[in-house]
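Residue-level structural notes
The residues making up each chain are set out below.
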Amino acid sequence: MAHTLKKEGDYSYIEAGEGTPIIILHGLMGGLSNFDGVTDFFSKNGYKIVIPELPIYTMSLLKTNVKSFAKYLKDFIEFKGYEQVILLGNSLGGHIGLYHTKLYHEKVKALVITGSSGLYESAMGGGYTKRSDYEVIKKKAQDVFYDPAVATKEIVDEVYATVNDRNKLIKTLAIAKSAIRHNMAKDLPKMLTPTCIIWGKNDNVTPPEVAVEFNDLLPDSELFWIDKCGHAAMMEHPDTFNEILFDWLKKRKF
């Protein structure tokens, strides 16, 4: 189901359902539609799903970093007047969620990360030397998933357009450097927010050992695996992803 983008103040976002707000944080190349399965399910099951468009390519270059995006999220939560939120982030979105929680934990009721950066950055900014070669970019997009067919032409076209836009490429590389700079290994043991970690067993971008390390370092976390699944579990296996998360939220009474 397609959801309409709302524009309000300085923000553009999707909003669906009523209840506890779950704010979804998309990744570097991730469209908001990547979360359609999550949005449809949770908006019908007692949660308000909110997906802000993160200013990945619109911040000044100096502010194109994980910390600025975490601050942007804080401003958005204040703008919406939310007291307590659940944050759900994939890839760079997970990293932003983690960093935001480190800085502003009092408003974060729970955190959900899947394929998150923050401990290990391999594929985030590299490998764009052949960016004008459509087939190379197609292969790169397919490698994100266990099943290459999930990388539809629309997804490949979007990635191709992004990496061939000079401004966006410069920002992408700045974000990749920022992700490495904002490594969270030392912060995680101090972060007491309940965290649900859902990970693809076949993730090539942030391999399974990264999930194990997150789980070891975070004091109050649980790790769930999805088999035959790559870097974007909520896209490849939306039903399984939703079931794991819904059960966890119910168990923790969120």
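All values derive from a computational prediction rather than experimental measurement.

1. With respect to the packing of aromatic side chains
- Following the criterion strictly, the structure yields 11 aromatic pairs and no others.
- A network of ring pairs unites the aromatic residues Y11, Y13, Y72, F76 and F79 as a single cluster.

2. Quick word on helix α9 (residues 238-251)
- For α9, which comprises 14 residues, the first-to-last C-alpha distance of 20 Å matches the rise-based estimate of 20 Å (1.5 Å per residue) to within 8%.
- Of the residues trailing α9, K253 is marked for its positive phi of about 60°.

3. Structural notes on the packing of helix α2 (residues 66-80) against helix α3 (residues 92-103)
- Taken N-terminus to C-terminus, the directions of α2 and α3 make an angle of 70°; their axes are 8 Å apart at the nearest point. Overall, the two elements α2 and α3 adopt an arrangement that is roughly perpendicular. For the pair formed by α2 and α3, the contact residues are V66, K67, F69, A70, L73, K74 and I77 on the first element and L92, H95, I96, Y99, H100 and L103 on the second.

4. A closer look at the environment of H182
- Considering the arrangement of structural elements, one finds H182 in the loop between α6 (166-181) and β7 (195-200).
- With a relative accessible area of 13%, H182 lands in the buried category.
- As for H182 and S117, which are separated by 65 residues in sequence, their C-alpha atoms are 9.7 Å apart.
- Filtering out sequence-adjacent residues up to four positions away, H182 remains in contact with N65, V66, K67, H95, Y99 and G118.
- A distance of 2.8 Å separates a polar side-chain atom of H182 from the backbone oxygen of S178.

5. Things to note about the pattern of salt bridges
- Under the definition given, this model contains 12 salt bridges.
- The salt bridge partner of E15 is K48, with a shortest N-O separation of 3.9 Å. With a gap of 33 residues between them, E15 in strand β2 (residues 11-16) and K48 in strand β4 (residues 47-52) connect regions that are remote in the sequence.
- The shortest N-O distance in the salt bridge between E18 and K48 comes to 3.3 Å. With E18 in the loop between β2 and β3 (20-25) and K48 in strand β4, the pair connects residues that are 30 residues apart, well separated along the chain.
- Overall, E18 belongs to the exposed group, its relative accessible area being 59%.
- Connected through shared salt-bridge partners, K6, E8, E15, E18, K48 and K80 make up one network.

6. Considerations on the pairing of β2
- With 5 of 6 residues buried, β2 lies mostly within the body of the structure.
- The pairing of strand β1 (residues 6-8) with β2 spans 3 bridges and is antiparallel. Within the sheet, the bridge partner assigned to E8 lies in β2 and is Y11.
- Turn length for the β1-β2 hairpin, with the two strands adjacent in sequence and antiparallel, is 2 residues, and the turn residue G9 shows positive phi of about 60°.
- Here β2 runs beside β4; their pairing, made up of 4 bridges, is antiparallel. Note that in β4 the partner of A16 across the bridge is I49.

7. Observations concerning the sheet that holds β3
- As summarised here, the arrangement of the 8 strands in space is β1-β2-β4-β3-β5-β6-β7-β8, forming an open sheet in which the pairing is mixed. Looking at which strands have only one partner, the edges of the open sheet turn out to be β1 and β8 (221-226). Adjacent strand axes in the sheet meet at a mean angle of 25° when their direction is disregarded.
- In terms of strand pairing, strand β6 (residues 108-114) meets β7 through 3 bridges, oriented parallel. Residue pairing in the sheet places L111 in a bridge with T195 of β7.

Thresholds applied
Residues numbered from 1 in each chain as written. Predicted model: local features only at pLDDT ≥ 70, side-chain atom pairs only at ≥ 80, totals over all residues. Heavy atoms only, no water. Phe/Tyr/Trp six-rings, centres within 6.5 Å; stacked < 30°, edge-to-face > 60°. Helix = DSSP H or I, 4+ residues; strand = E, 2+ residues; numbered from the N terminus. Expected span 1.5 Å × (residues − 1). Axes fitted to C-alpha atoms, helices over the stretch in contact; angles between N-to-C directions. Parallel < 35°, antiparallel > 145°, perpendicular 65-115°, else oblique. Contact = heavy atoms within 4.5 Å. Buried < 20%, exposed > 50% of the residue type's maximum accessible area, 1.4 Å probe, protein only. Polar contact = N/O pair within 3.5 Å; in protein donor to acceptor, adjacent residues only side chain to side chain. Salt bridge = Lys/Arg side-chain N within 4 Å of Asp/Glu carboxyl O. Pairing = 2+ DSSP bridges.

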